[in-house]
Amino acid sequence: MDYDCDEDRLTTAEQLAAHDPRAAAQACLAIACDDGVGDEVRLSAAELLPALDPRAGAQACLAIAADDGVGDEVRLSAAELLPALDPRAAAQACLAIADDDGVGDEVRLSAAELLSAAVDR
């Protein structure tokens with residue numbers, strides 16, 4: 001297929017979910033893990049995954065949260081999705097953000113707080 005933009009890929013994956021959830025999950029995972037796709041589109045794809053394939057959702061969120069090329073807030077948003085999917089992956093994501101001195105202090109603090117909450121689960 002020829003896609004005009006990242007959003008078209010996401011729209012196609014969303015439409016596919018009604019007909020073939022497994023293929024939709026694969027498409028969303030590919031979008032979420034593609035560092036050539038815009039940050040917000042990657043996060044949107046990851047947000048669709050838990051309903052389709054929770055394991056793939058955790059993989060996508062961890063990939064986004066650990067990617068230092070992604071904006072701080074998007075990384076944190078991806079990490080915030082993880083505790084319900086995979087507490088171990090949530091801990092990894094939070095550590096990746098909290099340890100990254102390129103991330104703003106407020107986001108690093110939020111990641112550390114999320115890590116504490118994930119560990120307490």
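Participant: Give a detailed account of the overall build of the protein chain, specifying residues and quantitative values.
Facilitator: What the protein chain contains, in helices and strands, is 7 helices and 0 strands. When the helices and strands of the protein chain are listed from N to C terminus, the series reads α-α-α-α-α-α-α. Since a compact globule built from 121 residues should have a radius of gyration of about 14 Å, the 14 Å found for the protein chain is in line with a globular shape. For the protein chain, the spread of C-alpha atoms along the principal axes amounts to about 40 × 30 × 15 Å.

Participant: Go over the nonpolar core, please, and point to the residues and values.
Facilitator: Counting 38 residues, the largest nonpolar core has Leu-49, Ile-64, Ala-79, Leu-82 and Ile-97 as its most contacted members. Secondary structure elements with two or more residues in this core: α1 (6–17), α2 (21–32), α3 (39–52), α4 (54–66), α5 (72–81), α6 (87–98) and α7 (105–120). Here this core gets 7 residues from one element, more than from any other, and that element is α6.

Participant: Break down α6 for me, with residues and values.
Facilitator: Over its 12 residues, α6 extends 16 Å from the first C-alpha to the last, a length consistent with the 16 Å expected when each residue adds 1.5 Å. Among the residues of α6, Ala-89, Ala-90, Ala-91, Ala-93, Cys-94, Ile-97 and Ala-98 are the ones counted as buried.

Basis of the calculations
Residues numbered from 1 in each chain as written. Predicted model: local features only at pLDDT ≥ 70, side-chain atom pairs only at ≥ 80, totals over all residues. Heavy atoms only, no water. Helix = DSSP H or I, 4+ residues; strand = E, 2+ residues; numbered from the N terminus. Rg over C-alpha atoms; globule rule 2.2 N^0.38 Å. Core = buried A, V, L, I, M, F, W, Y, C linked by side-chain atoms within 4.5 Å. Buried < 20%, exposed > 50% of the residue type's maximum accessible area, 1.4 Å probe, protein only. Expected span 1.5 Å × (residues − 1).

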